[in-house]
Amino acid sequence: MDRLVFGILAHVDAGKTTLSEAMLYLTGGIRRLGRVDHADAFLDTDALERERGITIFSKPAALTLGDLEATLLDTPGHADFSAEMERALSVLDCAVLVVSGGAGVQAHTLTLWRLLRDYGVPTLLFVNKMDLPGADRKAVLSELRRRLDEGCVDFSREEAEIWEEAALCDEGAMEAYLETGALSDEAVRDLVARRRVFPCYFGSALRLEGVEALLNGLARFAPRRTWPGIFAARVYKIARDGQGRRLTFLKVTGGTLHVRDALSGGEGEDAWQEKVDQIRLYSGEKFRAVEEAPAGTVCAVTGLTHTRPGQGLGAEPESRAPELEPVLRYRVVLPEGSDVHAALGMFRELEEEDPMLRVVWSEPTRQIHVQLMGQIQLEVLRRQLADRFGLAVDFDQGGIVYKETIAAPVEGVGHYEPLRHYAEVHLLLEPLPTGSGLQFAARCPEDVLEGHWQRLILTHLMERSHPGVLTGSAITDMRLTLTAGRSHLKHTEGGDFRQATYRAVRQGLMSAQSVLLEPWYRFRLEVPGESLGRAISDVQQMGGDFEPPETAGEEAVLTGGAPVAAMSGYWREVAAYTRGRGRLACEAAGYRPCRNAQEVMEAIGYDPRRDIDNPADSVFCAHGAGYTVPWDQVPAMAHVSSGLQLDREEDAEEDVASPRRAAPPPPRSKEEEAELTAIFERTYGQVKRREPLRPAARPVEGTVRRTVPDRPQGPEYLLVDGYNIIFAWDELKELARVNLESARRLLMDLLCNYQGFKKCVVILVFDAYKVKDNPGSVERWHNIYVVYTREAETADTYIERATYEIARDHRVRVATSDSLEQLIILGHGAVRLSAREFKAEMEAVEGSIREIIARNNRTRGEENTLRRRAVIKGKTGGPPGGT
């Protein structure tokens, strides 16, 4: 029997839990319909959920759909608990997105749609509450197509009309429809799986109208998955049962999980192995224990104490980091005489279960702080502590979770050398675009610092959150690259590099131009028309931005963004000046530079020099004892040089940057030089040498601009290490196991699309030892160049030589795998791009190409639709259906 895991998602008050009840009732999963307002819904099992009438925790329920053994995951609809919903997306085979027929597409609906798109989840839609006055099917469908996707098709009509509308969404489906006059269930299922078609159903879950059609649609058109034979599983939730036993909710994505199977995870000191004590299949509050769980099953497992949401087990990779982050911060006020460490353990237990709850312990003040999404989550947290642990806590007025980044590249140096200890680390800190988070890389030759020390330094960079120097807030949107380091043969221990790494980060931040970031909300504000002027004025005073107002009947709709600090609590004002008729919906929308940074910094009063837990100074050794060197003097006393030269500001009239140059590779013979030059000139044309730069003007004393020198103008070059990329990308790696030539061709085709969009010169390099024919050749594959290295020459060697040659006159980037053993010495002015970063960039390019195509198709959409309808009319001899 095939298995299906589908989730129910919706904005708050759209009727999501009511729809879940109706689906379970009609399939025989429950005997009596419960209601949210009666506090007896089958899936609202927690007392808090029944009291507040909202879903807080995702829960599974079992039901049968035709030949499918299905599991329904009911997810929270409130924005405060979006992380619980987002974790569930990683285990869904498809989703049902519920939209209120009266309210239409809300701000949170757009967030859900974006997450479903990003996770690639096939989606069906159910437009609920169509029995209410003002619900217009045609208007809602038009809004769905306009604001979500043109592939939204009304599947509650006659089947012939459904086939026609679905065929309009895909050329292949159109050809099949023109040939046969119909579309098979398999063809429609394929369109749904590829997110080309989004079946839409209309009805009223409370009256059981349209629910049967939705169930039939799931049974017929939901994607069917095939699973690999090797064991794999993904953890999406941690919870406790009524006896306090820890439950790991997971989906088996390969093979079969048995009771007493040993599962493992982690690396190095964090490695663990534990046995499965029990496998439970939950449906609401009840469960049944089973001996095994085959692939496609969602189950809860006992006996595991080291698992965490998003973790991959067996062959399953780690889940992506959640896109949503907490934006509010509160200090915990404990009852007098409470044991703060015992309370911290209670908070840690709840943090393990709630992905959106962050617990921060301050050792100097011995205080507990929590970071979360909103007021409702805070109230739920207070209630959980009281019910589960009997701990009555309070919270202060709270504040904003700020973050910090830097405005320009800077080098950080950390040295740790008390007696019989030694470590030195050099890092390059570079700013990244907003929303990039922290990225880590290494560009240090192994003859300078051994590979295992480099891996240890990267581990220390990733193992903790690094505080900034403006407010002590966590840093973000930066790339930290290891450029140099030194160890001692006898005196270096692992902890020494931890100290040196932390101090290098801190020293770099102290030297940098830091930028304070504040969180923003994306909002949707609905007010009576006469209140629109007040709403616009308020948003402007907040420092927010907004789109041109829209009208919806007698109401005006304002959408835009505003700082969280300014908009928190604004709903009270909206309720006051609209006399209860206004509605405000907010959701987290990332971070932007803080409007009143100086005011915030003064209010927080953070002094980085007094933060003894995060020192920027270094420790050197002299006369048999260690001594502290202030952070601003550390670079001058460093024992090793990274070779990194950051630009210096010139006179006001002249700004000539001396080019950054690292030591060249080993000298080549004249024959090798001539051969390389011939290959380049044969491939790219004659190489024109730039005139040598005149000496740089003498810098003005004290004016140091910490920026990387500009690259020469002209076309950018991208060199790709072919086999490293193939074996670093999972889909190419799997294909290579079957046919290596097919994997090569697929990568070449992907790069052709990339070049067409980016307009750069792409050189794809393959090692000669894996090429049977024509080694040592350069070929033109459509719009890219493919190089097969000479016999006994590696791609790394070729790329190193080519980079040194091209970087003299062009900006060069090199894409290779993440493995430190395969790092190429890119000190020639080139930029290293990891396989993970390159894949993300490639996916972004593919997405942009699809958007351009979709935009062009929309521009010609009406003409094409008329043409296709004319063709259909000619074949059928009658007018086509449709709206």
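The structure presented is a predicted model; accordingly, all values stated were derived computationally and were not measured.

Turning our eyes to something else, we now look at the overall build of the protein chain. A count of helical and extended segments in the protein chain gives 25 helices and 40 strands. When burial is assessed residue by residue, the protein chain has 50% of its 883 residues classed as buried. Taking all contacts inside the protein chain whose residues are at least 6 apart in sequence as the whole, residues at least 24 apart take part in 71%. As presented, the protein chain carries roughly 41,400 Å² of accessible surface, and 48% of it is formed by carbon and sulfur atoms.

What follows is about the packing of aromatic side chains. By convention here, two paired aromatic rings are described through the distance between centres and the angle between planes. Under the definition given, this model contains 13 aromatic pairs. Ring geometry for Tyr 754 versus Phe 838: centroids 5.6 Å apart, planes at 75°, classification edge-to-face. Here Tyr 754, found in helix 22 (residues 740-758), pairs with Phe 838, found in helix 24 (residues 835-859); they are 84 residues apart in sequence, far enough to count as distant. With respect to burial, Tyr 754 and Phe 838 carry one shared label: buried. Centre to centre, the rings of Phe 766 and Tyr 788 are 5.8 Å apart; their planes meet at 25°, and the pair counts as stacked. Of this pair, Phe 766 sits in strand 36 (residues 761-766) while Tyr 788 sits in strand 38 (residues 784-788), and the two are 22 residues apart along the sequence. Take Phe 766 and Tyr 788: they sit in the same class, and that class is buried. An aromatic cluster is defined as three or more aromatic residues linked by ring pairs; in this entry it consists of Tyr 236, Phe 249, Tyr 282 and Phe 287.

The next thing to look at is the side chain of Glu 837. By the element assignment, Glu 837 lies in helix 24. Owing to a relative accessible area of 16%, Glu 837 belongs among the buried residues under this scheme. Once residues lying within four places of it in the same chain are set aside, the contact partners of Glu 837 are Gln 439, Arg 479 and Arg 832.

So, about the pairing of strand 12 (residues 272-275). Only one face of strand 12 is buried: it carries Trp 272 and Glu 274, and the other face, with Gln 273 and Lys 275, is open. Examined bridge by bridge, strand 11 (residues 262-265) and strand 12 share 4 bridges and lie antiparallel to one another. Paired with Ser 264 across the two strands is Gln 273, which belongs to strand 12.

With that settled, the discussion passes to the environment of Val 640. On the secondary structure map, Val 640 appears in the loop between helix 18 (634-637) and helix 19 (670-684). Owing to a relative accessible area of 14%, Val 640 belongs among the buried residues under this scheme. Taking the C-alpha atoms as reference, Val 640 lies 6.9 Å from Gly 485; in sequence the two are 155 residues apart. Val 640 has contacts with Glu 424, His 426, Gly 485 and Arg 486, leaving out every residue within four places of it along the chain.

With that settled, the discussion passes to empty space enclosed by the protein. By rolling a water-sized probe across the atoms, one finds the places where empty space is left. The tally for this structure, following the rule as stated, stands at 3 cavities of 30 Å³ or more. Residue lining of the largest cavity: 13 residues in total, with Phe 57, Phe 81, Asp 354, Val 380 and Gln 384 positioned closest to the centre. Of all elements in the fold, only helix 10 (340-353) and helix 11 (375-389) reach the threshold of two or more residues within the lining of the largest cavity. Per element, the largest residue contribution to the lining of the largest cavity is 4 residues, and it comes from helix 11. Considering only residue class, the lining of the largest cavity consists of 8 nonpolar, 2 polar and 3 charged.

Bringing the packing of helix 21 (residues 730-738) against helix 22 into the picture now. Close contact between helix 21 and helix 22 brings their axes to 6 Å; oriented N to C, the two are set at 145°. Every residue of helix 22 that contacts helix 21 at Leu 732, Leu 735, Ala 736 and Val 738 is listed here: Leu 740, Ser 742, Ala 743, Leu 746 and Leu 747. Taken together, the residues of the contact of helix 21 with helix 22 sort by class into 8 nonpolar, 1 polar and no charged.

Segments scoring low in pLDDT should not have their predicted coordinates read at a detailed level. Scored by pLDDT, the protein chain comes out at a mean of 81, with 83% of its residues at no less than 70. Per-element averaging of pLDDT across the protein chain places helix 19 at the bottom with 52 and strand 7 (residues 198-202) at the top with 95. Note that pLDDT drops below 50 for residues 818-826; the model gives that stretch 28 contacts with residues more than four away or on any other chain. Here residues 879-883 is a poorly scored stretch, pLDDT under 50, and it has 14 contacts once near neighbours within four places are set aside; other chains count.

Cut-offs and rules
- Residues numbered from 1 in each chain as written.
- Predicted model: local features only at pLDDT ≥ 70, side-chain atom pairs only at ≥ 80, totals over all residues.
- Heavy atoms only, no water.
- Helix = DSSP H or I, 4+ residues; strand = E, 2+ residues; numbered from the N terminus.
- Buried < 20%, exposed > 50% of the residue type's maximum accessible area, 1.4 Å probe, protein only.
- Contact = heavy atoms within 4.5 Å.
- Areas by Shrake-Rupley, 256 points an atom, 1.4 Å probe, with all protein chains shown as cover.
- Phe/Tyr/Trp six-rings, centres within 6.5 Å; stacked < 30°, edge-to-face > 60°.
- Pairing = 2+ DSSP bridges.
- 1 Å grid on protein atoms, 1.4 Å probe; cavity = no way out; pocket = protein on both sides within 12 Å on 5 of 7 lines; lining within 4 Å.
- Points joined across faces, edges and corners; volume = space filled by probe spheres on them.
- Nonpolar A, V, L, I, M, F, W, Y, C, P; charged D, E, K, R; others polar.
- Axes fitted to C-alpha atoms, helices over the stretch in contact; angles between N-to-C directions.
- pLDDT = per-residue confidence, 0-100.

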